[in-house]
Every structure is written in C-alpha cells, then in structure tokens.
Amino acid sequence: LSAAELARIRADFPLLKRRLRGDRPMVYLDSAATSQKPDPVLDAEQDFYLVRNAAVHRGAHQLAQEATEAFEGARATVAELIGAQPGEIVWTSGATATINLVTYAISNATAGRGGQAARRFALQPGDEIVVTEAEHHANLVPWQELAARTGAVLRWIPVGEDGRVTVEDADRIITERTRVVAFTHVSNVTGAITDTAALVRAARSVGALVLIDACQSVPHLPVNVSELGADFVAFSAHKMLGPTGIGALWGRAELLAAMPPVTTGGSMVEVVTMTEATYAPPPQRFEAGTQPVAQAIGFGAAAQYLSHLGMDAVAGHERTITRLLLDAVAAVPGVRVIGPTDPRDRIAVVSFVVDGVHAHDVGQYLDDAGVLVRVGHHCAQPLHRRFGVAATTRASASVYTDEADVAAFADALSGVRKFFGVSQ
Ligand code: PMP
C-alpha cells in the first residue's frame, strides 16, 4: 500500500480519530482482539435498518425480498473472499460458536442422529482428536468437551521454541486412531503461521476430518479454502473489520449435507409434524431461528472492503508493520518476543515479555501513553505455560496500522523498564 492509500484507508475508520485521556492521539494496537470498523461496514448495517429491515426468507413482500437479497448477497461476498461457494458458508455468532457447532454435530452423529449419512462423523471411545499446544481456548475447550461426551481421547502436538509445530511431531501424534485434527492457521499469541499443508497431509493420510481456526488468518492473509484442503474453517467478522455477533463456518458441501443439525427450531426445517421434522439442506439446516441479519450484511461489507483492497496488498502492508513491530521490540533491552523472528513466518501479532515487569504493568504504562495493547494470556493458557510465563503483552496490527503507530509504541516501550526501576 502506498502512503496515500494507507491515509485513505485510515480516513475510512472514524474511531481512529479518537483522542484519549490528556487529549492524546489513540494508537490502537489491539486488532487481534477486535478490529476497528470502516464507514462502509457501519453504513451497511445502518442502511439495513434504515431502509430494508424485514424478516428474511419468509415474507412475500418487497421489503422481505430486499432484506433476503442483501442477506444472501453478504453470504456470497464472504464466500468469495475465501474462494468458497455461498452454500458452504453457515452464519454463526462467531468462531467460538462455529467450533462448538462442529463439535456438537459430531456428538449428535455419535448419538446416532442424522442417520446413515452422519455415520462418518461418529466417534468411538478410544478414537483420537488432535489439536496443537498453540490453540486459542475456543479451539481447545470444545474438543475437550467433545472427548468427554464421546469417550474419545484428546491429544496435542507440542510447539517448538518459535511457537510452531513441526512436521515430525505432527506425523508422530497423528495416527490411524486420529479421527479429527483441529488447529489454528495463525496463532493469536505468537502470530506464527502454521504449515497447514503438512498438517492437512498428515490428517488426510489417516482419513481424519480437519478443522482450521482461521480467525487470525482470514483478516490478514489471502486464504483460499480449496488450497487449504480442510473440511471446516472457522472465522469471526469482528476481527476482519466487520461487526460483532457474526462469524462463519465454511464446510465442504458434501460434509455439511451429511452433518446433523445442532440448534433446532424455525427456519431450519422442511416438514414438521407433532412428532418429527425433516431438515432443510445446508446452510439453512444450521441456521435455526432469526439470524443476525444486519451483522451478516455488515460482514459482507467488511469482506467487500478487504476484497477491494486485495488480500495480497493487505498482507504486504502488514508484513512491513510486522517487521517494524519486531524491530521496535528488539531495540529495547530486556524485552523478549514469543514466536518466530522472521516476518515471513508470522503476522503482525507480536507478544512479548518485559523482564522484571508484569504484563499488566506494561499495558498500564503503554495505555498512559495512549498506546492500546492487550495483556494477559490471550485465551491461550497452555501456550503461555509452554513458554513458562503467565502473561504477555501483545501488540497487534491490522490493515489500517501505520508506521506512526509503531513509532509511538516503540517510544513508549523504551521507557517501561526505567519507569518500573528495573533498568537505568
Ligand atoms: N481463535 C482464535 C485464534 C482467536 O484469535 C479468537 C479470538 N480471540 C477465537 C478463536 C475466538 O473468536 P470469537 O471470540 O470471535 O468467537
């Protein structure tokens, strides 16, 4: 992105103009937690309520038709961003809900729901579910629960010093007993990009289902589901310039068609009698009840915004920011980055430890300087335990992050240890 393009992008984000305590400019480096939203997303949501609000898929009236077109149009736009077909996109309330949906569908299949077609999802006691040590709790706890419900065994691939799993470890842990492999595409702590091809190959060689948590990749890298080769992909709108309350499950069409529903009720059925019901084909089968229509339309606008910029351009810009963030942290003595040191192996999510200063104190100090970062375990306690720390400070960027943001961060960070009396 040129400087002019970046300036235009920043102008699209009203919240970036905010000032903080003491009339300081705001330096937002917490995009991995949630991104800011550009005008086209805010406008799309408001426009829906202003001129198109109606129940989708039901009414025969004009408004309902327009609302349905906008809602389904958003699905097509989100699908296109990741190289998918619209029918393979199921709306959820976010990635957490997506992963829970898949795990409960597997439970239902294990309990005999969904008939013959769903048998391929059923687990037997002793079957293995494999995750990695780098998972966000959203891609760990639902699998722990699924294992507890079905008698399956949860195993995990350890991560190395740079936060990534190795092919050798993956090949050792993924065996003939493995039925599901679930892993993050990009870590929300280390920013490390997983070697998806190696994990998918290992999973495929034993016939396991593959779920990829793409929460931190879809907003920052070109992601094409056909190239990924997974069976399920989870992501959230709010991390990719879209609204909260909406996310997606991408599923391979033939798998979604065979998968039993989880949440049941209106809008997901075909014929209902007093004793039973037949279910609609996907994606509606997994979308019971009134959907978050305005949020879906906002999600569509966010996907459109990113498509328009081009994900190669987004990734290229963020690689520059990654390098600058890594340099900023490396320049301060007594500060250690967790994760890969080569910008090509990671995204602009940079977690670090400041020797002698607790992450919460670091965060507080940076906040006083108007630099907003995240502190804590970032919903990845096992990964922090792996690195022997309870908490880290995390600076994370998005497409609107500029060099001035990183410079303000670098400047503030350089004063932390002195302030807390651990260096001169
Ligand atoms: N996985 C990863 C890698 C994440 O970063 C997050 C959000 N921090 C989630 C899953 C959960 O997403 P959500 O909270 O939007 O459901």
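Residues numbered from 1 in each chain as written. Predicted model: local features only at pLDDT ≥ 70, side-chain atom pairs only at ≥ 80, totals over all residues. Heavy atoms only, no water.

Novice: Could you clarify how one ought to interpret the overall build of the protein chain in this entry?
Specialist: Scanning the protein chain from terminus to terminus reveals 15 helices and 17 strands. At 22 Å, the protein chain has a C-alpha radius of gyration in line with the 22 Å of a compact globule built from 424 residues. Expressed along its principal axes, the backbone C-alpha trace of the protein chain runs to roughly 75 × 55 × 30 Å. Evaluated residue by residue, the protein chain yields a buried proportion of 55% over its 424 residues. Sequence-distant contacts in the protein chain: of pairs separated by 6 or more residues, those separated by 24 or more amount to 70%. Element-wise, carbon and sulfur atoms account for 51% of the exposed surface of the protein chain, whose accessible area totals about 17500 Å². Charge centroids of the protein chain, computed over 36 positive and 45 negative side chains, lie 4 Å from each other. (Helix = DSSP H or I, 4+ residues; strand = E, 2+ residues; numbered from the N terminus. Rg over C-alpha atoms; globule rule 2.2 N^0.38 Å. Buried < 20%, exposed > 50% of the residue type's maximum accessible area, 1.4 Å probe, protein only. Contact = heavy atoms within 4.5 Å. Areas by Shrake-Rupley, 256 points an atom, 1.4 Å probe, with all protein chains shown as cover. Lys, Arg positive; Asp, Glu negative; His and termini not counted. Charge placed at Lys NZ, Arg CZ, Asp CG, Glu CD.)

Novice: Can you walk me through the packing of aromatic side chains in this structure?
Specialist: Each aromatic ring pair is summarised here by two numbers: the centre-to-centre distance and the angle between the ring planes. All told, the structure shown has ten aromatic pairs when counted by the stated rule. Measuring from centroid to centroid gives 5.9 Å for F13 and Y305, while their planes differ by 90°, and the two rings are edge-to-face. Of this pair, F13 sits in the loop between helix 1 (3-11) and strand 1 (19-20) while Y305 sits in helix 10 (residues 293-309); the two residues are 292 residues apart in sequence, bridging distant segments of the chain. According to the relative accessible area criterion, F13 is buried, its value standing at 0%. Taken together, the ring pairs connect F71, W91, F235 and F299 into an aromatic cluster. (Phe/Tyr/Trp six-rings, centres within 6.5 Å; stacked < 30°, edge-to-face > 60°.)

Novice: For this particular structure, what's the right way to read the UniProt feature "domain: Aminotransferase class V" (unreviewed entry) in the protein chain?
Specialist: Under the present numbering, the feature "domain: Aminotransferase class V" (unreviewed entry) in UniProt falls on residues 27-409. What you have in residues 27-409 is 38% helix and 17% strand, and the ends, taken at the C-alpha atoms, are 8 Å apart. (UniProt positions renumbered as here; feature names shortened; annotations may be inferred.)

Novice: Would you explain the pattern of salt bridges in this entry?
Specialist: Pairing is possible between side chains of opposite charge, provided their charged atoms come close. Overall, the coordinates contain 20 salt bridges when judged by the stated rule. Put simply, E66 and R52 hold a salt bridge, and the shortest N to O gap is 3.3 Å. Taken as a pair, E66 in helix 3 (residues 62-81) and R52 in helix 2 (residues 39-52) lie far apart in primary sequence, 14 residues in all. By relative accessible area, which is 23% here, R52 ends up partly exposed. (Salt bridge = Lys/Arg side-chain N within 4 Å of Asp/Glu carboxyl O.)

Novice: Honestly, unusual backbone geometry in this entry has me stumped. Any pointers?
Specialist: For residues that are not glycine, phi is negative in most cases, and the peptide bond is trans in most cases. Note the cis peptide between P282 and P283, where omega equals 0°. As for its position among the elements, P283 is in the loop between strand 12 (277-279) and helix 10. One non-glycine residue with positive phi stands out, namely C379, at about 55°. Structurally, the position occupied by C379 is in the loop between strand 16 (374-376) and helix 13 (381-386).

Novice: Explain the nonpolar core to me, please; I cannot follow it from the model alone.
Specialist: One recurring pattern in soluble globular proteins is that nonpolar side chains are buried together. By size, the foremost hydrophobic cluster in this structure holds 76 residues, and its most contacted members are W91, V233, F235 and F299. The element best represented in this core is helix 10, accounting for ten residues. Discounting residues that sit within four places of it in the chain, F299 has contacts with V78, W91, F235, A237, M240, P243, I246, G247 and A248. (Core = buried A, V, L, I, M, F, W, Y, C linked by side-chain atoms within 4.5 Å.)

Novice: For this particular structure, what's the right way to read the sheet that holds strand 13 (residues 335-338)?
Specialist: Across a sheet, strands are paired by hydrogen bonds formed along the backbone, either parallel or antiparallel in direction. Pairing within the open sheet is antiparallel, and its four strands lie in the order 13-14-17-16. The sheet terminates laterally at strand 13 and strand 16, the two strands that pair on one side only. The mean angle between the axes of side-by-side strands here comes to 30°, regardless of whether they run parallel or antiparallel. Relative to strand 14 (residues 349-354), strand 13 is paired through four bridges, and the arrangement is antiparallel. Its bridge partner lying in strand 14, R336 is registered against V353. The sheet contacts of helix 11 (residues 311-330) involve strand 13, strand 14 and strand 17 (392-396), and relative to strand 14 the element is tilted by about 5°. (Pairing = 2+ DSSP bridges. Axes fitted to C-alpha atoms, helices over the stretch in contact; angles between N-to-C directions.)

Novice: Explain the site of the ligand to me, please; I cannot follow it from the model alone.
Specialist: Neighbouring the ligand are 13 residues; T96, D213, Q216, S236 and K239 lie closest to it. Within the backbone of A95, one N or O atom sits 3.4 Å away from an oxygen atom of the ligand. Side-chain polar atom of D213 to a nitrogen atom of the ligand: 2.5 Å apart, as the coordinates give it. Protein contact buries 86% of the 400 Å² of open area that the ligand shows by itself. Here the shell around the ligand is composed, by residue class, of three nonpolar, eight polar and two charged. (Near = heavy atom within 4 Å. Polar contact = N/O pair within 3.5 Å; in protein donor to acceptor, adjacent residues only side chain to side chain. Nonpolar A, V, L, I, M, F, W, Y, C, P; charged D, E, K, R; others polar.)

Novice: How should I be thinking about the environment of V373 in this particular structure?
Specialist: Note on placement: V373 falls in the loop between strand 15 (371-372) and strand 16. For the pair V373 and L29, spaced 344 residues apart in sequence, the C-alpha to C-alpha distance is 5.2 Å. With near-sequence residues (within four places) excluded, V373 lies in contact with L29, D30, G363, L366, T393, R394, A395 and F409.

Novice: Mind showing me how you'd approach the sheet that holds strand 4 (residues 89-92) here?
Specialist: Taken together, seven strands build an open sheet; the order of strands is 4-10-9-8-7-5-6 and the sheet is mixed. With partners counted over all chains shown, the strands left at the sheet margins are strand 4 and strand 6 (153-157), one partner each. Ignoring which end each strand starts from, the neighbouring axes of this sheet average 20° apart. In this structure, strand 7 (residues 178-184) lies alongside strand 8 (residues 209-213), joined through five bridges in parallel fashion.

Novice: Would you mind showing me how to read the environment of L211 here?
Specialist: Take L211: it is sitting in strand 8. Put simply, L211 and V180 are 31 residues apart on the chain and 7.7 Å apart in space, counted from C-alpha to C-alpha.

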